[in-house]
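Working through the structure, step by step
Here is what each chain is made of, one letter per residue.
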Amino acid sequence: MSTNTGDATATLAVNELFGPTFQGEGPNQGRLARFIRLFGCHLTCEWCDTPQTWDRRRHDLTAEQQQLGVADILNWLADSPGGLVVITGGEPLLQQRALEPLLAAINQSDLAAEIEVETSGTIAPSAAVVEAVTRFSVSPKLAHSTLLERQRLRPAALRQFVLSGKAHWKFVVQSMKDLDEVEHLVAQYRLDPVWIMPEGTDSTTVLDRMRLLADPVLARGWNLTSRLHILLWENARAR
Ligand code: SF4
C-alpha cells in the first residue's frame, strides 16, 4: 500500500468513467473491471482508438473532458463495485502527480484489490506510482503508428518500467512484419512478458489479424490477446 497520499485536493482531467465491464486486452482480458479514462495524450498515433482524448480536429475537446477530484472518483467507484480498476487514456502518466493521491486513496479503501495502468511507455513512472499500482500494461508504439522513433520510444522511460518489475508489454500489431520490429525491441530492452494484440476497431479486422498472427506469435513464445470489447460490441464507447 502506498504511503504517499500526495495532494488530496488534486483534480484530474477525465474523459470518461465506465464499467463494470470486461478488461478487453492483455493479461487480464475477460476480467471484471472499471475504467478511469484520463484526458490528454502527447502522441498522435495514426490508428488511435481514443482520439476523443486529444484530437481537436475530430472532437470537441472541451466537451470531452471534465475536472474531477479524488473524492468524485472514489464515489463513482463505490457506486460501481466489482473487479479491477484500470487507469487508461489518452496517456494517464501525463497527470501522474495528480494520479498519485487517487492511487493512494484507492489502495487505502476497499474499492479495488488491483490497479492496472495502461500507458505508451514514453513517460517514466514516479516512485509513488510504481509503489501504488499492481501492474503496468505498457504499449510501446511501432513504426506503423507514423510517429517518429524519438517520439514513440523513450529508452530511459522503458528502462524504468522494466526496473519496476510490474510491466507487461503489449504491442499493437497490424501485420507479420511488425513482429520483427517487436522482436528487436524485446531483445534490446529485455521486455517480458510480451503480449501481441491485433490493431483494429471492428471485429472482422481483429479476428482476421489474430488468425494471421497466431502461429508466428506461438513460434516466438509470446502471448496473444484479442480485443474482447471489440469482438463483443464493435467500437462502442464506454464498453
Ligand atoms: S498513445 Fe494511445 S492515446 Fe495516445 S495517440 Fe497513441 S494510441 Fe492514442
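Preceding this section is the structure that the text describes.
Everything in this summary refers to the structure shown in the same document. (Residues numbered from 1 in each chain as written. Predicted model: local features only at pLDDT ≥ 70, side-chain atom pairs only at ≥ 80, totals over all residues. Heavy atoms only, no water.)

1. A few points about the packing of aromatic side chains
The description of an aromatic ring pair rests on the distance of the ring centres and on the angle between the ring planes. The condition that has to hold: Within 6.5 Å between ring centres, the rings of Phe, Tyr and Trp (the latter by its six-membered ring) count as paired, and their orientation is classed by plane angle as stacked under 30 degrees, edge-to-face over 60, tilted in between. A run of H or I in DSSP counts as a helix once it spans at least four residues, and a run of E counts as a strand once it spans at least two, with each numbered from the N terminus. Exposure categories follow from relative accessible area, calculated using a 1.4 Å probe and restricted to protein chains: below 20% of the type maximum is buried, above 50% is exposed, and the middle band is partly exposed. Two thresholds decide whether a charge sits over a ring: the Lys NZ or Arg CZ must be within 6 Å of the ring centre and within 35 degrees of the ring normal.
On inspection of all chains with the given rule, the structure shows three aromatic pairs. A ring pair is formed by Phe22 and Trp233, whose centres lie 6.4 Å apart and whose planes are at 5°; its orientation type is stacked. With Phe22 in strand β1 (residues 11–22) and Trp233 in helix α8 (residues 228–233), the pair connects residues that are 211 residues apart, well separated along the chain. With relative accessibility at 37%, the residue Phe22 sits in the partly exposed group. Ring centres of Phe136 and Phe161 lie 5.1 Å apart, and the angle between their planes is 85°; on these two criteria the pair is classed as edge-to-face. Here the residue Phe136 occupies a position in strand β6 (residues 135–138), and Phe161 occupies one in helix α5 (residues 155–164), the gap between them amounting to 25 residues. The ring centre of Trp233 lies 3.8 Å from the NZ or CZ of Arg239, which sits over that ring.

2. Some thoughts on the side chain of Glu118
Applicable threshold: Throughout this description, a polar contact denotes any pair of N or O atoms lying within 3.5 Å of each other; where both atoms belong to protein, one of them has to be capable of donating a hydrogen while the other can accept it, and for residues adjacent in sequence the pair is counted only when both atoms sit in side chains. Note on contacts: a residue pair qualifies if any of its non-hydrogen atoms lie within 4.5 Å across the two residues.
Mapped onto the secondary structure, Glu118 falls in strand β5 (residues 115–119). A polar contact is formed between the side chain of Glu118 and the side chain of Thr88, at a distance of 2.7 Å. Sequence-distant contacts of Glu118, that is, excluding residues within four places in its chain, are made with Gln23, Glu25, Val86, Ile87, Thr88, Pro92, Ser137 and Lys170.

3. As for helix α1 (residues 70–79)
Going by this rule: Along the arc lie the directions from the helix axis toward the C-beta atoms.
For α1, the set of buried residues is Val70, Ile73, Leu74, Trp76 and Leu77. End-on view of α1: buried residues confined to an arc of 160°, all on one side of the axis. Turning to α1, the residues buried within the fold contact β1, β2 (32–38), β3 (66–69), β4 (84–88) and α2 (96–108).

4. A short note on the nonpolar core
Put simply, the rule reads: The criterion is simple. A nonpolar core is a set of buried Ala, Val, Leu, Ile, Met, Phe, Trp, Tyr and Cys residues joined through side-chain atoms within 4.5 Å.
One finds Ile87, Leu102, Phe171, Val182 and Ile196 to be the most contacted residues of the largest nonpolar core, which totals 50 residues. Ranked by residue count, the leading element in this core is α2, at six residues. Apart from the residues within four sequence positions on either side, Ile87 is in contact with Ile36, Leu38, Pro92, Leu99, Leu102, Leu103, Ile115, Glu116, Val117 and Glu118.

5. Regarding α5
Among the residues making up α5, those that are buried are Ala157, Leu158, Phe161 and Ser164. The buried side chains of α5 occupy one side of the element, clustering within an arc of 115° when seen end-on. Seen from the buried face of α5, the exposed residues on the opposite side, beyond 90 degrees, are Ala156 and Leu163. Structurally, α5 contributes buried residues whose contacts are with β5, α3 (127–132), β6, β7 (167–173) and α6 (176–189).

6. Here's the deal with the environment of Leu224
Topologically, Leu224 is positioned in strand β9 (residues 223–224). Considered as a pair, Leu224 and Asp49 are 175 residues apart in the sequence and their alpha carbons are 19 Å apart. When residues no more than four places from it in sequence are discounted, the contact partners of Leu224 are Trp195, Ile196, Met210, Leu213, Ala214 and Val217.

7. Observations concerning the pattern of salt bridges
Operational definition: Any carboxyl oxygen of Asp or Glu within 4 Å of a side-chain nitrogen of Lys or Arg constitutes a salt bridge here.
All told, the structure shown has 18 salt bridges when counted by the stated rule. One salt bridge connects Arg31 with Glu114, and the closest N-O pair in it is separated by 2.9 Å. Highlighted residues: Arg31 in the loop between β1 and β2 and Glu114 in the loop between α2 and β5, separated in sequence by 83 residues. The partner of Arg220 in a salt bridge is Asp180, and the shortest N-O contact between them spans 2.9 Å. Here Arg220, found in helix α7 (residues 203–220), pairs with Asp180, found in helix α6; they are 40 residues apart in sequence, far enough to count as distant. For Arg220, a relative accessible area of 27% gives the class partly exposed. Several salt bridges converge on common partners, so that one network encompasses Glu25, Asp49, Glu118, Lys170 and Arg227.

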